[in-house]
Amino acid sequence: MALQCGIVGLPNVGKSTLFNCLSNAKAQSANFPFCTIEPNVGVITVPDERLNKLAELVNPQRIVPTTVEIVDIAGLVKGASKGEGLGNKFLANIRETDAILHVLRCFDDDNITHVDGTVDPVRDKEIIDMELQLKDLETIESRITRVQKQAQTGGDKAAKVMYEVLQKYKEALEQGKSARTVSFETKDEQKIAKELFLLTAKPVMYICNVDEKSAVTGNKYVDMVREAIKEENAELLVVAAKIESEIAEFETYEERQMFLNEIGLNESGVSRLIRSAYALLNLETYFTAGVQEVRAWTYLKGSKAPQCAGVIHTDFEKGFIRAEVIKYEDYIHYGSEAACKEAGKMNVEGKDYVTQDGDIMHFRFNV
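Residues numbered from 1 in each chain as written. Predicted model: local features only at pLDDT ≥ 70, side-chain atom pairs only at ≥ 80, totals over all residues. Heavy atoms only, no water.

### Looking at the sheet that holds strand 2 (residues 40–45)
Line of reasoning, step 1. What the six strands build is an open sheet, ordered 2-4-1-5-6-7; its pairing is mixed. Strands with a single pairing partner mark the edges of an open sheet, and in this sheet they are strand 2 and strand 7 (235–239). Going from strand to strand, the sheet's axes swing by 25 degrees on average, the running direction of each strand aside.
Line of reasoning, step 2. Taken together, the five bridges between strand 6 (residues 204–209) and strand 7 define a ladder with parallel strand orientation. Residue pairing in the sheet places Cys208 in a bridge with Val238 of strand 7.
Line of reasoning, step 3. Packing against the sheet, helix 4 (residues 121–153) makes contact with strand 1 (3–8), strand 5 (99–105) and strand 6, and its axis sits at approximately 145 degrees to strand 5.
Line of reasoning, step 4. On the sheet, helix 7 (residues 220–228) packs against strand 5, strand 6 and strand 7 and is oriented at approximately 170 degrees with respect to strand 7. (Pairing = 2+ DSSP bridges. Helix = DSSP H or I, 4+ residues; strand = E, 2+ residues; numbered from the N terminus. Axes fitted to C-alpha atoms, helices over the stretch in contact; angles between N-to-C directions. Contact = heavy atoms within 4.5 Å.)

Pasting the structure below:
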C-alpha cells in the first residue's frame, strides 16, 4: 500500500525545498510562482528503527522498508478553482492523493518574495482552503442536481441518503468550512461520503515552514496557525525546510545526528513528517522476517489478519488459514523466531485476529 501525499501551498512558501528534502527527485526551486510545472513525484522510504533491529538479528539478504510517494504540486493562487494560474490541472492532481501536506510560510525573509506582499500564514491557509472548498462545492451542487428529484419524489432510499449527505456538505462548504469538519453517523452515509472524493475531506497536515532559530520552539506565525486550526481535525508540524536541505547534504547518519544535536533537535523534520503522515491516515506497520528478506508492510489500523495478508498478495487473503505472530518486543528479547517459539512466544491466530503495530507475522494459506 503506497501512501501518496500531495504538497500544496501558495507559491514561494518552501514546497519544492521541502520536496527536495523528502525525495531524491530534484524539483526546481526558484523565486517566482509556477516553477513546478509538472507535478514532481518522489518516493521516500519510511524511517523505522524496528526494521533495522530485526535485520541485525536475522541478517537477511535484503531489507525492504515501506515507502511514501510525495507529489509536489505547483503553487495555487486565488482563483485556482476557476482555472486561474495553473489551477484546474493541479486541483486534479490533489484529488488523486491520500492526504494533503499544506505548507505555510512562517518566516520573514526580504530576499524571498511573497505572492501577496506580506507574511500571513492564516491568510495563506484561507486562500488555499477557499479554492479547495469552492471546487468541492461545485462537485456537490452538480451531484445535487442529479439526485434531488429522485430523493424527494421517488422511493429510492439510496438517493435519499445521498441527497442528505450532499446537503450536509453543501451547508458546511457554504459557511467556509472544509468537508472534513462534517461527521456522519450511519455506515451508509460514511460510505457515500468517502466515495465523493472531496478535496477538503482528505486528511490534512499543516507544515509551518520556519527559520532556523524557530525550528525548536516555533514562533508567532506558528501560534497563529495553531489557533486558526484548533477546530479542525488536522495535524500541525513545525519544520525548517532550509535546515532540512542542509541535513540532506550530509553523507552519513552520524553526521546528520551531530548537526541535529547542535541545533537542539532529536530527529529531522523529514522523519517526523513521514511518521505524522502515517498517523494522520491511521496506518500502522507489521513485519515479515526471514533469511531472504526482512520487510515492513503498511496496513490500515484495525485490520484483521486476512486483510493484512492480502497486502502481500491477494491469494494470501483468499486462502488464509492462520497467522503465526510474534510480538516485536519478544522477538528482540529472545533474538530469533526459533527462540520465541521455544519460549512459547509465538501465537497462532485466526481470521478474527486484529493485527497490532510491530507484529512479526508469517501467514499460512492455501489457494
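### Overview of helix 10 (residues 269–280)
Line of reasoning, step 1. With twelve residues, helix 10 extends 16 Å between its outermost C-alpha atoms, agreeing within 8% with the 16 Å of an ideal straight helix rising 1.5 Å per residue.
Line of reasoning, step 2. Burial within helix 10 is extensive, with nine of its twelve residues counted as buried.
Line of reasoning, step 3. Note on helix 10: the residue one or two positions beyond its end, Asn282, has a positive phi of about 65 degrees. (Expected span 1.5 Å × (residues − 1). Buried < 20%, exposed > 50% of the residue type's maximum accessible area, 1.4 Å probe, protein only.)

### Some remarks on the environment of Ile127
Line of reasoning, step 1. Relative to the helices and strands, Ile127 resides in helix 4.
Line of reasoning, step 2. Among the residues examined, Ile127 registers a relative accessible area of 9% and is labelled buried.
Line of reasoning, step 3. C-alpha of Ile127 to C-alpha of Leu10: the two residues are 117 residues apart in sequence and 8.4 Å apart in space.

### Quick notes on the nonpolar core
Line of reasoning, step 1. Counting residues in each nonpolar core, the largest one holds 56 residues, and the members touching the most others are Leu22, Val68 and Ile70.
Line of reasoning, step 2. Ignoring sequence-local partners within four residues, the contact set of Ile70 consists of Cys5, Ile7, Phe19, Leu22, Asn40, Val41, Gly42, Ile44 and Leu101.
Line of reasoning, step 3. Of all hydrophobic cores here, the second largest spans 20 residues; its members include Leu137, Leu166, Leu173 and Leu196. (Core = buried A, V, L, I, M, F, W, Y, C linked by side-chain atoms within 4.5 Å.)

In short, shape yes, function no, at least from these values alone.
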